[in-house]
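Spelled out from the first residue to the last, the chains are:
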Amino acid sequence: MTDDTSGGSALRIAYSPCPNDTFVFHAWAHGLVPDAPPVAVTFADIDITNGMAERGEGDVLKVSYAVLPWVLDEYALLPCGGALGRGCGPLVLTREPGADLSGRTVAVPSERSTAYLLFRLWAASEVPGGVGEIVVMPFHEIMPAVRDGRVDAGLVIHEARFTYQNYGLHKLADMGEHWESTTGLPIPLGAIIARRSLGKERLQELAAAARASVRRAWDDPQASRGYVLEHSQEMDPAVADQHIGLYVNEFTEDLGEEGYAAVRGLLTRAATEGLVPPLAPDALAF
């Protein structure tokens, strides 16, 4: 789904229709950030934007931090606009409390997602026999699939944290709690990347535009409300507010030392486990 508000010279930007992304990018997408480069917006699920990044499609993309080792040759990580935090990790849901996942089918939102990477790190220590088949499906289809018995468990993200009980499901584990308890770091979820070939000056402009868009959203939350609710798949407005409150925070404005430490920590640990390629020493530099 595309929302082109800017004309032929616009940069191609893709992010999800989730409330945190529409809240963050509303001002920039609507020409409300002075001197920001115009953008043509495409809304896409995280599995799609991860694939776009791997194929080199798009100028600015919201992707999973887990995909960075495959795309940082062509894209640079922007130091703002993304999603990190505490108490906001992906959940593993089942129909019955305390289920054993050994050999079981698990639905995940993307095999390149941070959620799946955190799940693999968790399962390595908590499911000794190993899980069974992994099925990738759009995140909004996962809870119905678990409820209806089409899969044994589901790894969920976004607003599912607030709504899973409506499906009669049980939380088996919180990937964020596991990550935070073992590292003390916030959870790196979604990153904003931009094509390196745009040049250093333009990349600096994009980071400034993203940061200004975040600040404008905080200064006037009502300005983006229509845009947020229009794209949030009939989400209850109160849930949308919870979603924004959880995923849009100080790390969205600036990763800072702790944010970068979390990203390096996740990808270094995953590389040690053989789950992702190792990062070059300066791969995250901006």
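Numbering of residues begins from 1 in every chain and follows the order in which that chain's sequence is written. Side-chain atom pairs in this predicted model are given and counted only at pLDDT of 80 or more, local residue features only at pLDDT of at least 70, and totals for whole chains, interfaces and linings cover all residues. Based on all heavy atoms of the structure, the side-chain values leave hydrogens and waters out of the count.

Peer 1: How would you sum up the nonpolar core? Please name residues and give values.
Peer 2: Think of a nonpolar core as a cluster: buried Ala, Val, Leu, Ile, Met, Phe, Trp, Tyr and Cys residues, connected wherever their side-chain atoms sit within 4.5 Å. Residue exposure (1.4 Å probe, protein chains only): buried if accessible area is under 20% of the type maximum, exposed if over 50%, otherwise partly exposed. With 57 residues, the main nonpolar core has Leu68, Phe119 and Trp122 as its most contacted residues. The numbering of helices and of strands both runs from the N terminus, where a helix is a DSSP run of H or I of at least 4 residues and a strand a run of E of at least 2. Per element, the largest residue contribution to this core is eight residues, and it comes from helix α4 (residues 114-126). Each residue touching Leu68, except ones within four places of it in the same chain, is listed here: Val63, Leu77, Ala191, Ile193, Val263, Leu267 and Leu284. With 34 residues, the next largest nonpolar core counts Leu11, Ile13, Cys80 and Ile192 among its residues. Two residues qualify as a contact provided that any one of their heavy atoms is within 4.5 Å of a heavy atom in the partner residue.

Peer 1: Could you give an account of empty space enclosed by the protein, naming the residues involved and the relevant values?
Peer 2: Using a 1 Å grid laid over the protein atoms alone, points where a 1.4 Å probe fits but cannot get out form a cavity; open sets with protein on both sides within 12 Å along at least 5 of 7 lines form a pocket; any residue with an atom within 4 Å of a point counts as lining. Grid points are joined across faces, edges and corners, and a volume is the space filled by probe spheres set on the points. According to the stated counting rule, one finds three cavities of 30 Å³ or more in the structure shown. In this structure, the largest cavity occupies an estimated 250 Å³ of space. Around the largest cavity sit 18 residues that line it, and Ile46, Ile157, His158, Leu189 and Gly190 are the ones nearest its centre. Counting residues per element, the ones that place at least two in the lining of the largest cavity are α1 (19-29), β4 (60-64), α4 and β12 (187-195). Residues that form the lining of the largest cavity fall into these classes: eight nonpolar, eight polar and two charged. Each residue receives one of three labels: charged for Asp, Glu, Lys and Arg, nonpolar for Ala, Val, Leu, Ile, Met, Phe, Trp, Tyr, Cys and Pro, and polar for the others, Gly being one of them.

Peer 1: Help me get a handle on the packing of helix α7 (residues 175-183) against helix α12 (residues 256-272), residues and values and all.
Peer 2: Helix axes are fitted only over the stretch in contact, all axes being lines through C-alpha atoms; the angle between N-to-C directions runs from 0 to 180 degrees. Two numbers describe how α7 lies on α12: the axes approach to 12 Å, and their chain directions differ by 100°. By the angle between their axes, α7 is roughly perpendicular relative to α12. Counted together, His178, Trp179, Thr182 and Thr183 of α7 and Ala262, Gly265, Leu266 and Arg269 of α12 form the full contact between these two elements. Grouping the constituent residues of the contact of α7 with α12 by class yields three nonpolar, four polar and one charged. Should an angle lie under 35 degrees it is considered roughly parallel, over 145 roughly antiparallel, and from 65 to 115 roughly perpendicular; all remaining angles are considered oblique.

Peer 1: Quick one: what's the story with the sheet that holds strand β9 (residues 134-136), residue by residue and with numbers?
Peer 2: Backbone hydrogen bonds are what pair the strands of a sheet, in a parallel or an antiparallel way. Across the sheet, which stays open at both edges, the five strands sit in the order β9-β8-β10-β7-β11 with mixed pairing between neighbours. At either end of the open sheet lies a strand with only one pairing partner, and these are β9 and β11 (170-174). Taken pair by pair, the neighbouring strands of this sheet meet at an average axis angle of 30°, ignoring direction. Of the strand pairs in this sheet, strand β8 (residues 106-108) and strand β10 (residues 153-156) are connected by two bridges, and their pairing is parallel. Across the sheet, Ala107 pairs through a bridge with Gly154, a residue of β10. Across the sheet, α4 is in contact with β7 (91-94), β8, β9, β10 and β11; its angle to β10 comes to roughly 125°. Packed onto the sheet, α7 meets β7, β10 and β11 and runs at close to 25° relative to β11. We treat two strands as partners when DSSP finds at least two bridges between them.

Peer 1: Tell me about the pattern of salt bridges, residues and numbers included.
Peer 2: Between Lys or Arg on one side and Asp or Glu on the other, a salt bridge is scored when a side-chain nitrogen of the former is within 4 Å of a carboxyl oxygen of the latter. Enumeration over the complete set of coordinates arrives at 14 salt bridges. Of the charged contacts in the structure, one is a salt bridge between Arg195 and Asp59, with a shortest N-O distance of 3.6 Å. Pair noted here: Arg195 is in strand β12 and Asp59 is in the loop between α2 (46-55) and β4, with a separation of 136 residues, a long-range link. Asp59 gets classed as buried once you look at its relative accessible area, which sits at 8%. The partner of Arg215 in a salt bridge is Glu253, with the nearest N and O atoms 2.6 Å apart. Placement of the pair is Arg215 in helix α8 (residues 200-219) and Glu253 in helix α11 (residues 250-253), with a sequence separation of 38 residues. Overall, the relative accessible area of 41% leaves Arg215 in the partly exposed class. According to the relative accessible area criterion, Glu253 is partly exposed, its value standing at 23%.

Peer 1: Kindly report on the state of the cysteines, identifying the contributing residues and their values.
Peer 2: The disulfide criterion is simple: two cysteine sulfur atoms within 2.5 Å. The tally for this structure, following the rule as stated, stands at zero disulfides. Free of any disulfide, Cys80 has its nearest neighbouring cysteine sulfur in Cys88, separated by 18 Å. Since its relative accessible area comes to 1%, Cys80 is described here as buried. Cysteine Cys88 remains unbridged, with the sulfur of Cys18 as its closest cysteine sulfur at 13 Å.

Read these as layout, nothing more, since geometry by itself doesn't imply function.
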